[in-house]
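The residues making up each chain are set out below.
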Amino acid sequence: GDRVVGAAKRWLNRFVMRRVDAITASSGFLVAAVRSIVGERVPIHEVPFGVDTTVFQPGGRGSGGFSVGFVKHLEKRYDPGTLVEAFAAITPRVPGARLVMAGGGSLRAGLSRRIAALGLDDRIDLLGAVPHSVVPDLMRTFDVLVNPSRSESFGAVILEASATGIPVIAARVGGVPETVVEGETGILVEPGNVAGLSEALLRIAHDPTERATLGSAGRKFVLEHFEFSQCVDAMVDVFKGAEHDN
């Protein structure tokens, strides 16, 4: 059954990873996870995914409303349902609020029914899957990005939003705390907590000055730590080191 397959995969992972010269992982969270499999035998280098900050860069929004964005697959792991419930809770207090959800997945039909039952068809847009090439322009229409995932090894979409100059609200799971500086580039909430997420949304909705401050700090954070060319250089250094060791 699944238990046997899982055990076989774990054995294969150990077999393969203990025979490589070096391993890269995109976050400290993943470094620790890989270390638990391979032990101390293989060098593990933390090399995060980089963001092209010339593509993901700020642009004018100015819609007059409050636009909440979600860019993930509509699957249980990414918990879009909690966001829909939290958004529904704030709509009476934020008349101009809209939620835009980009992503396809198995939960779409159920979410659509729930949105209709909440009477929010005119407030929530389910865009379906979108090509990554349109994501930068889409993000420039958001006032905040929400990443409510229940598990996340890193959170590249969080950094893309920060590079675009918008604040992030994210669930505190996995590698996410490495991509959000709490209180400086965004707000961390507990996964699956509708009340906590709605409170964070209200805070961002009602304070445009804080939105601007968090967004500006987010772009600076990405430029300093996750700019694409810097991450490529770090990966090249890993390759050179592994080659030299041989």
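Look a little higher up for the structure.
Quantities reported herein were computed from a predicted structural model and do not represent experimental measurements.

**Looking at the overall build of the protein**
At step 1: The secondary structure content of the protein amounts to nine helices and eight strands.
At step 2: The buried share of the protein, reckoned over its 246 residues, is 45%.
At step 3: Here the analysis covers contacts within the protein between residues at least 6 apart in sequence; of these, 66% occur between residues at least 24 apart.
At step 4: About 12200 Å² of surface is accessible on the protein, with carbon and sulfur atoms providing 54% of the total.

**A few points about the sheet that holds strand β6 (residues 144-147)**
Backbone-to-backbone hydrogen bonds pair the strands of a sheet. The strands run either parallel or antiparallel.
At step 1: Pairing is parallel across the open sheet formed by six strands, whose spatial order is β5-β4-β3-β6-β7-β8. A strand with exactly one partner marks an edge of an open sheet, and here the two such strands are β5 (124-128) and β8 (186-189). On average, each strand axis in the sheet is tilted by 20° relative to the strand beside it, whichever way the strands run.
At step 2: Sheet analysis places strand β7 (residues 168-171) next to β8, joined by four bridges and oriented parallel. The partner of Ala 170 across the bridge, within β8, is Leu 188.
At step 3: The sheet strands contacting helix α6 (residues 156-163) are β3 (66-71), β6 and β7, and the helix crosses β6 at an angle near 170°.

**A word on the nonpolar core**
At step 1: With 32 residues, the main nonpolar core has Phe 66, Val 68, Leu 83, Met 101, Ile 124, Ile 169 and Leu 201 as its most contacted residues.
At step 2: Ignoring anything within four residues of it in the chain, the contact list for Leu 201 reads Phe 66, Val 68, Leu 83, Ala 86, Phe 87, Ile 90, Val 144, Val 146 and Ile 169.
At step 3: Within the second largest apolar cluster, 27 residues are counted, among which are Phe 56, Val 100, Ala 102 and Val 222.

**As for the environment of Phe 154**
At step 1: Position of Phe 154 relative to the elements: it lies in the loop between β6 and α6.
At step 2: For Phe 154 and Gly 174, which are 20 residues apart along the polypeptide, the C-alpha to C-alpha distance reads 6.9 Å.

**Side note on the pattern of salt bridges**
At step 1: A complete count under the given rule lists eight salt bridges for this structure.
At step 2: With a shortest N-O distance of 3.0 Å, Glu 152 and Lys 72 are connected by a salt bridge. Of this pair, Glu 152 sits in the loop between β6 and α6 while Lys 72 sits in the loop between β3 and α3 (80-90), placing them 80 residues apart in sequence. For the residue pair Glu 152 and Lys 72, the accessibility class agrees, reading buried in each case.
At step 3: A salt bridge links Arg 114 to Glu 85; the shortest N-O distance between them is 2.7 Å. Taken as a pair, Arg 114 in helix α4 (residues 108-117) and Glu 85 in helix α3 lie far apart in primary sequence, 29 residues in all.
At step 4: You can call Arg 114 partly exposed: its relative accessible area is 37%.
At step 5: Several salt bridges converge on common partners, so that one network encompasses Arg 172, Glu 182 and Glu 190.

What counts, and at which threshold
Residues numbered from 1 in each chain as written. Predicted model: local features only at pLDDT ≥ 70, side-chain atom pairs only at ≥ 80, totals over all residues. Heavy atoms only, no water. Helix = DSSP H or I, 4+ residues; strand = E, 2+ residues; numbered from the N terminus. Buried < 20%, exposed > 50% of the residue type's maximum accessible area, 1.4 Å probe, protein only. Contact = heavy atoms within 4.5 Å. Areas by Shrake-Rupley, 256 points an atom, 1.4 Å probe, with all protein chains shown as cover. Pairing = 2+ DSSP bridges. Axes fitted to C-alpha atoms, helices over the stretch in contact; angles between N-to-C directions. Core = buried A, V, L, I, M, F, W, Y, C linked by side-chain atoms within 4.5 Å. Salt bridge = Lys/Arg side-chain N within 4 Å of Asp/Glu carboxyl O.

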